[in-house]
Amino acid sequence: SYHVRYRSKIKTLRKRVSEKNQKIKVAFLVTLDNRFSAKPLFEKMLKDDLFDQFIIIIPTVSWGEKFHMMEKAYTRFTDLYGKDYVLSSYDDTQKTFIDYSSGVDIAVFDTPYETSETYEQYTIAYYAGKQILPIFIPYGMMSDKVWSTSHVITAESLALCWKVFVETKDNFDDFCQYSIM
C-alpha cells in the first residue's frame, strides 16, 4: 500500500538528512493566486534550513487553460517570495507543460479533484505513484457539510495522501466518518 511505502520514504529521508546533510525538497502546487492554503507552512519552511521549498504554478483546466490566471499567480508569488522560489509549469517557448516532480520528496496540494481540475502530472495520484509524500491542505473552509462529505472528503485522491489537514474538530470528525481511508 501507499502508506507502507511512505514509511519507507520517511526512513530514507531521515537517513539522507542525518548522514548526508541533504535538504528535504518540498513542492507546493498552486493553481490560483488567491488559493494558497499552505502559505503558513511554506513561510515557516523558508526559515528552516532543513527544507528546499518552491511553489509550482499549475494550470486549472476545469475552466479551460487560463494562462492569464497562471501568469497572475506567478507574478503575485514572485513578488512575494522571489523568482528562486516560484516556478511556472508552462514553458511558453516550447508551448508545453513541465513536470517538476523529479527529486521532490514532499508535495503539498490545495485541491483533491485530480484531472477534473488540472493535468495528470500535477495530481496527488501522480506524485503518490512516484513515492513522493503528498499532503492535502484544503483551499477553503469545509463548512458546507453536504459538499465536503460528498466531494472533498470522499475524493479517492485523499486516500493516497500521507497527511491531510483540516480546519476544525467537526471537519476532522466528518473526515473520520466519510473518508475512504
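Residues numbered from 1 in each chain as written. Predicted model: local features only at pLDDT ≥ 70, side-chain atom pairs only at ≥ 80, totals over all residues. Heavy atoms only, no water.

Side note on the pairing of strand β7 (residues 133-136)
- Burial along β7 is two-sided: L133 and I135 facing one way and P134 and F136 facing the other are all buried.
- As judged from the four bridges shared by strand β6 (residues 106-109) and β7, these two strands associate in the parallel manner. Note on β7: the bridge partner recorded for A107 is P134.
- Sheet topology note: the β7/strand β8 (residues 163-164) ladder contains two bridges and is parallel. In the strand pairing of β8, I135 is matched with K163. (Buried < 20%, exposed > 50% of the residue type's maximum accessible area, 1.4 Å probe, protein only. Helix = DSSP H or I, 4+ residues; strand = E, 2+ residues; numbered from the N terminus. Pairing = 2+ DSSP bridges.)

So, the layout of surface pockets
- Its volume calculated, the largest pocket comes out at about 220 Å³.
- When residues of the lining of the largest pocket are traced back to their parent elements, those giving at least two are α1 (2-20), α2 (39-46), β6 and β7.
- Of all the elements, α1 adds the most residues to the lining of the largest pocket, at three residues.
- Reported here for the second largest pocket is a volume of approximately 160 Å³. (1 Å grid on protein atoms, 1.4 Å probe; cavity = no way out; pocket = protein on both sides within 12 Å on 5 of 7 lines; lining within 4 Å. Points joined across faces, edges and corners; volume = space filled by probe spheres on them.)

What about the side chain of R16?
- Note that R16 resides in helix α1.
- A distance of 2.9 Å separates a polar side-chain atom of R16 from the backbone oxygen of K23.
- When neighbours within four sequence positions are excluded, R16 is seen to be in contact with N21, Q22, K23, I24, K25 and D105. (Polar contact = N/O pair within 3.5 Å; in protein donor to acceptor, adjacent residues only side chain to side chain. Contact = heavy atoms within 4.5 Å.)

What about the packing of aromatic side chains?
- According to the stated counting rule, one finds 12 aromatic pairs in the structure shown.
- Where F28 meets F36, the ring centres are 6.2 Å apart and the plane angle is 85°; that geometry is what we call edge-to-face.
- What makes F36 buried here is its relative accessible area of 12%.
- A centroid spacing of 4.8 Å and a plane angle of 70° characterise the contact between F42 and Y81, whose relative ring orientation is edge-to-face. Of this pair, F42 sits in helix α2 while Y81 sits in helix α3 (residues 67-81); the two residues are 39 residues apart in sequence, bridging distant segments of the chain. Comparing F42 with Y81, the two get one shared label, buried.
- Taken together, the aromatic side chains of F28, F36, F42, F77, Y81 and Y85 make up a single cluster linked through ring pairs.
- Just above the ring of W162 sits the side chain of K163; from NZ or CZ to the centre is 5.1 Å. (Phe/Tyr/Trp six-rings, centres within 6.5 Å; stacked < 30°, edge-to-face > 60°. Lys NZ or Arg CZ within 6 Å of the ring centre and 35° of its normal.)

Thoughts on α3
- Between its terminal C-alpha atoms α3 stretches 21 Å, which fits the 21 Å expected from 15 residues at 1.5 Å a residue.
- Here α3 has its buried residues at M69, M70, A73, F77, T78 and Y81. All buried residues of α3 project into a common sector of 160° when viewed along the axis, lining one side. Of the exposed residues in α3, the ones pointing more than 90 degrees away from its buried face are H68, E71, K72 and D79.
- If you follow the buried residues of α3, they end up packed against β1 (24-30), α2, β2 (51-57), β3 (86-88), β4 (90-91) and β5 (96-97).
- Positive phi appears at G82, one or two residues downstream of α3, with a value of about 95°. (Expected span 1.5 Å × (residues − 1). Arc of directions from axis to C-beta.)

A closer look at the nonpolar core
- In this structure, F28, F36, I55 and F77 are the most contacted members of the largest nonpolar core, which totals 42 residues.
- Those elements giving two or more residues to this core turn out to be α1, β1, α2, β2, α3, β6, α4 (124-129) and β7.
- Tallying contributions element by element places β1 first for this core, with six residues.
- Beyond its immediate chain neighbours, meaning those up to four positions away, F36 contacts F28, V30, F42, I55, F77 and Y81. (Core = buried A, V, L, I, M, F, W, Y, C linked by side-chain atoms within 4.5 Å.)

Note that every value here comes from positions in space, so none of it alone points to a role or purpose.
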